[in-house]
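Survey of secondary and tertiary structure
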Amino acid sequence: MKSKNKMVITDWALEDRPREKMMLKGIRSLSNAELIAILIGSGNKKETAVELSQRILNHIGNSLNRLGKVSVADLTGQFDGIGAAKAISIIAALELGRRRKSEDVAMRRKITCSRDVYDLMYASMIDLPQEEFWIVLLNVSNTVLDTIRVSQGGTASTLVDIKLVLKPAVLQQASSIMLCHNHPSNNIIPSQADCELTAKIVSAASFLDIRVLDHLIICENGYYSFADEGRL
């Protein structure tokens with residue numbers, strides 16, 4: 001039986017080619033695989049760019065969030081036809097998407113509840129492989145002055161120097177601050193160390209007339225708010 005040759009994208013009907021389809025029907029008509037195919041440009045000897053892109057998505061459960069966490073080595077090591085340049089293009093495109101989301105949220109800079117802080121910090125913290133501690137500085141009307149990373153640690157913890165938490169708040173004359181850190185494990189429950197650190201920062205900040213309004217543990221599927229749980 002004669003083997004079937006792979007059909008390349010240029011053999012497809014014009015309206016089915018990702019770039020041409022985008023021009024004819026608009027960017028939102030494209031599937032996730034077609035969008036990735038535009039980024040990588042070509043497939044391999046057995047697959048078109050779209051087929052290869054769909055296989056990559058299938059491998060990570062068709063989740064763009066999970067795709068945003070893969071490394072260059074993950075992509076180049078598992079998928080024939082994906083070299084470093086193509087892998088970097090995929091990762092860079094997803095990072096632009098994260099930054100756009102973060103920028104959109106930053107336009108709404110007045111904080112009214114814990115969800116506002118979660119939305120503000122989500123894009124910066126959600127895909128991190130390590131634990132990081134951030135602060136959000138607010139003025140007297142709860143408008144965001146700045147967001148600052150205070151420390152970066154390992155996968156299970158990060159050391160936090162209280163002086164480094166409060167120094168930028170004093171320098172920028174913040175009236176209040178929000179504390180944020182992520183749990184790469186996606187377990188939103190605070191540890192005993194989280195609770196003790198929160199209490200120490202609240203106590204130290206009170207001597208400087210700076211209010212700690214909340215401490216959020218940020219995870220992919222939700223967050224824990226010390227204020228909402230009545231623990232501040």
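Whatever comes next refers back to the structure up there.
Fair warning: this is a prediction, and the values are worked out from it, not measured in the lab.

The rules we used
- Residues numbered from 1 in each chain as written.
- Predicted model: local features only at pLDDT ≥ 70, side-chain atom pairs only at ≥ 80, totals over all residues.
- Heavy atoms only, no water.
- Helix = DSSP H or I, 4+ residues; strand = E, 2+ residues; numbered from the N terminus.
- Buried < 20%, exposed > 50% of the residue type's maximum accessible area, 1.4 Å probe, protein only.
- Lys, Arg positive; Asp, Glu negative; His and termini not counted.
- Salt bridge = Lys/Arg side-chain N within 4 Å of Asp/Glu carboxyl O.
- Polar contact = N/O pair within 3.5 Å; in protein donor to acceptor, adjacent residues only side chain to side chain.
- Contact = heavy atoms within 4.5 Å.
- Pairing = 2+ DSSP bridges.
- Right-handed = clockwise from strand over helix to strand, strands pointing away.
- Phe/Tyr/Trp six-rings, centres within 6.5 Å; stacked < 30°, edge-to-face > 60°.
- Axes fitted to C-alpha atoms, helices over the stretch in contact; angles between N-to-C directions.

Tracing the backbone shows D194 in helix α9 (residues 192–206). Buried and unpaired, D194 has R231 as its nearest opposite-charge partner, separated by 8.8 Å. Of note is the side chain of D194, whose polar atom sits 3.3 Å from the side chain of H181. If sequence neighbours within four positions are ignored, D194 has contacts with H181, H183, H215, I217 and F226.

Once that is clear, we can look at the pairing of strand β4 (residues 211–219). Buried residues dominate β4, accounting for seven of its nine residues. Two elements, strand β3 (residues 176–182) and β4, share seven bridges in a ladder whose sense is parallel. Across the sheet, residue C180 finds its bridge partner in β4, namely L216. Between the parallel pair β3 and β4, the chain is carried across by α9, and the sense of this crossover is right-handed. Here β4 runs beside strand β5 (residues 222–225); their pairing, made up of four bridges, is antiparallel. Note on β5: the bridge partner recorded for L216 is S225. Between β4 and the antiparallel strand that follows it, β5, lie two residues.

Attention now goes to the packing of aromatic side chains. What describes a pair of aromatic rings is the distance from one ring centre to the other and the angle between the planes of the rings. In this structure the tally under the stated criterion is three aromatic pairs. Considering the side-chain rings of Y118 and Y122, the 5.4 Å spacing of their centres and the 70° angle between planes classify their relative orientation as edge-to-face. Here Y122 and Y118 lie together in helix α7 (residues 114–125), a separation of four residues that amounts to about one turn. When its relative accessible area of 12% is taken as the criterion, Y122 is described as buried. Here the aromatic cluster, defined as three or more aromatic residues joined through ring pairs, consists of Y118, Y122 and Y223.

The mixed open sheet is built from five strands, whose spatial order is β2-β1-β3-β4-β5. Looking along the sheet, the strands with just one partner apiece sit at the ends: β2 (144–152) and β5. For this sheet, the mean angle separating the axes of adjacent strands, direction not counted, is 20°. Strand direction decides the pairing type here: strand β1 (residues 132–138) and β3, joined by six bridges, are antiparallel. Counterpart to L137 in the pairing with β3 is I177. Along the sheet face, α7 touches β1, β2, β3, β4 and β5 and points at about 50° away from the line of β4. The strands touched by α9 within the sheet are β1, β3 and β4, with β4 carrying the most contacts at an inclination of about 155°.

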